[in-house]
Amino acid sequence: MNTVVKKINIENICMDYINEAGNILNSGGLVAFPTETVYGLGGNALDKTAAKRIYQAKGRPSDNPLIVHISSPEELKDIVEYIPENAGKMMEAFWPGPLTLIFKKKDIIPYETTGGLDTVAVRMPNHEVALELIKAAKVPIAAPSANTSGRPSPTKAEHVIEDLSGKIDMIVDSGSVGIGIESTIVDVTSEIPMILRPGYITRGMIEKVIGKVCEDKVVSAKTLEDIGEKGYRPKAPGMKYKHYAPKAELTVFEGDIEKVIAAINEISKTERDKNHKVGIIATDETINRYEGDIIVSIGTRADESSIAKSLYDILRSFDSEDVDIILSESFYEDEFGCAIMNRMIKAAGYRIVKVGKDEI
Ligand code: TXA
Ligand code: MG
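About the criteria used
Residues numbered from 1 in each chain as written. Chains lettered and ligands numbered in written order. Predicted model: local features only at pLDDT ≥ 70, side-chain atom pairs only at ≥ 80, totals over all residues. Heavy atoms only, no water. Domains from an automatic or database assignment. Contact = heavy atoms within 4.5 Å. Buried area = accessible area lost by both parts, 1.4 Å probe. Salt bridge = Lys/Arg side-chain N within 4 Å of Asp/Glu carboxyl O. Polar contact = N/O pair within 3.5 Å; in protein donor to acceptor, adjacent residues only side chain to side chain. Nonpolar A, V, L, I, M, F, W, Y, C, P; charged D, E, K, R; others polar. Helix = DSSP H or I, 4+ residues; strand = E, 2+ residues; numbered from the N terminus. Axes fitted to C-alpha atoms, helices over the stretch in contact; angles between N-to-C directions. Parallel < 35°, antiparallel > 145°, perpendicular 65-115°, else oblique. Left-handed = near helix turned anticlockwise from the far one by under 90°. Pairing = 2+ DSSP bridges. Core = buried A, V, L, I, M, F, W, Y, C linked by side-chain atoms within 4.5 Å. Buried < 20%, exposed > 50% of the residue type's maximum accessible area, 1.4 Å probe, protein only.

(A) Representation of the domain arrangement of the chain. Taken domain by domain, the chain comprises domain 1 (4-185) and domain 2 (249-355). The C-alpha-based centres of domain 1 and domain 2 are spaced at 30 Å. Contacts between the two partners involve 18 residues from domain 1 and, on the opposite side, 13 residues from domain 2. Between domain 1 and domain 2, roughly 1200 Å² of surface is buried when both sides are summed, and carbon and sulfur atoms account for 50% of that area. Inspection of the domain 1/domain 2 interface yields five salt bridges. Glu162 is the salt-bridge partner of Arg316, the closest N and O atoms lying 2.8 Å from each other. There are nine residue pairs in polar contact (both at pLDDT 80 or more) connecting domain 1 and domain 2. Looking at the side of domain 1 that touches domain 2 residue by residue, the class counts come to six nonpolar, seven polar and five charged.

Given below as structure tokens:
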């Protein structure tokens, strides 16, 4: 299949391209498009064949449900059974934006879209190109992140091209996304809403609006043991799969920063002595402190959003550099930092080295 790439400038949106992309979606085709979090791979959420195509293009297990994207809150009532009061308050506070809510679905949403569940995940993205595209499609748009299943999510069109070129009809390129990690997911079908995936909208921000919320244990898990008994099924099925993983083994170091730097340098030296190519993820503050083959800054600790923005790009860049091992600092600055670390720890397959005061 020939995949067309269309550049759409967010400052000056070309409606011809939007309409072309909207028609593809409306007639069952697939279009990757930017949102404020990551690029999504869109298809008609009401069309089970389109949903199947999405799973196929991504190589995604079909029990992992898709998020449905709408262009205005009014469209919600057509696809969900009811809107709980807490959900209304959150929509008011955070939509359009990086917050996905889980509702009881109406029959119009096929089980192919929800991975067999009776619930549906919905969000209204805060990105003009995405909103115009959904409007032009005239249907709600199912869109998982536009990466091959298991790889880091795409934060620019080049990442989508890498993974999906030849497998989908069109890629809309509007440059780099603003946030860089996927939306917060909250299940509002239970009495006390539950965070299933952390993101830019933090627990603290949500509690200010609706009071108490709880969290699925995968949200803050740092080890496989934290997730608990073997076979525990996260409420968001996608959280059980290996994710965001670069090809090389990533290890995250946690603890006092001076000890972390020393530990990373020590392991870097051992690995390089074995002729292994070592990649190191540092920050602006520490980049000059390391010795390795490829040393990159992920951003500054003074601004966590800079770290979120470049996380997936950096993980992908190590793949093209063919490094053998990646060593990284950790970034638990505040609640958003915890969301960033949720992704990083999964990318590392839970390989975390705790560098204590008396160790190393
Ligand atoms: O920011 C985002 O949310 C991006 C952009 C493109 O909007 N999308 C995204 O989709 O991250 P995806 O498919 O990569 O992740 C969707 C997550 C999965 O972990 C899935 O299991 C969960 O949402 N999910 C979807 N529907 C659900 C449901 N009905 N119940 C529980 N979890 C659900
Ligand atoms: Mg994804």
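Still to come is the rest of the account.
(B) Inspection of the pattern of salt bridges at higher detail. Here the structure, examined in full by the defined rule, presents 20 salt bridges. When the shortest N-O distance is used, the salt bridge between Asp273 and Lys269 registers 3.1 Å. Of this pair, Asp273 and Lys269 both sit in helix 8 (residues 257-273), four residues apart, which is roughly one turn of that helix. Of the charged contacts in the structure, one is a salt bridge between Arg272 and Asp293, with a shortest N-O distance of 3.3 Å. Of this pair, Arg272 sits in helix 8 while Asp293 is found in the loop between strand 13 (278-282) and strand 14 (294-297), placing the two residues 21 residues apart along the sequence. Because the salt bridges share partners, they merge into one network encompassing Arg151, Glu162, Asp163, Arg316 and Asp319.

(C) Molecular detail of the packing of helix 1 (residues 15-26) against helix 4 (residues 128-137). Orientation of helix 1 relative to helix 4, taken along the N-to-C sense of each, is 55 degrees, at an axis distance of 7 Å. Here helix 1 lies oblique to helix 4, going by the angle between them. Taken as a pair, helix 1 and helix 4 cross one another with a handedness that is right-handed. In contact with Met15, Ile18, Asn19, Ala21, Gly22, Leu25 and Asn26 of helix 1, helix 4 contributes Val129, Glu132, Leu133, Ala136 and Ala137. A class-by-class count of the residues in the contact of helix 1 with helix 4 yields eight nonpolar, three polar and one charged.

(D) Quick look at the sheet that holds strand 5 (residues 99-104). With mixed pairing, eleven strands are arranged side by side in an open sheet as 1-8-2-3-7-4-6-5-9-10-11. The open sheet has two edge strands, strand 1 (4-7) and strand 11 (214-215), and neither has a second partner. By the bridge criterion, three bridges tie strand 9 (residues 184-187) to strand 10 (residues 194-197) in an arrangement that is antiparallel. Its bridge partner being in strand 10, Val186 is matched across the sheet by Ile195.

(E) Summary view of the nonpolar core. By size, the foremost hydrophobic cluster in this structure holds 44 residues, and its most contacted members are Leu101 and Ile206. Breaking this core down by element, the ones donating at least two residues are helix 2 (48-58), helix 3 (85-94), strand 5, strand 6 (119-123), helix 5 (157-164) and helix 6 (203-210). Ignoring sequence-local partners within four residues, the contact set of Leu101 consists of Ala87, Met90, Met91, Trp95, Val120, Ala121, Val122, Val186 and Val188. Judged by nonpolar contacts, the second largest core, of 29 residues, contains Ala248, Val296, Ala308 and Ala347.

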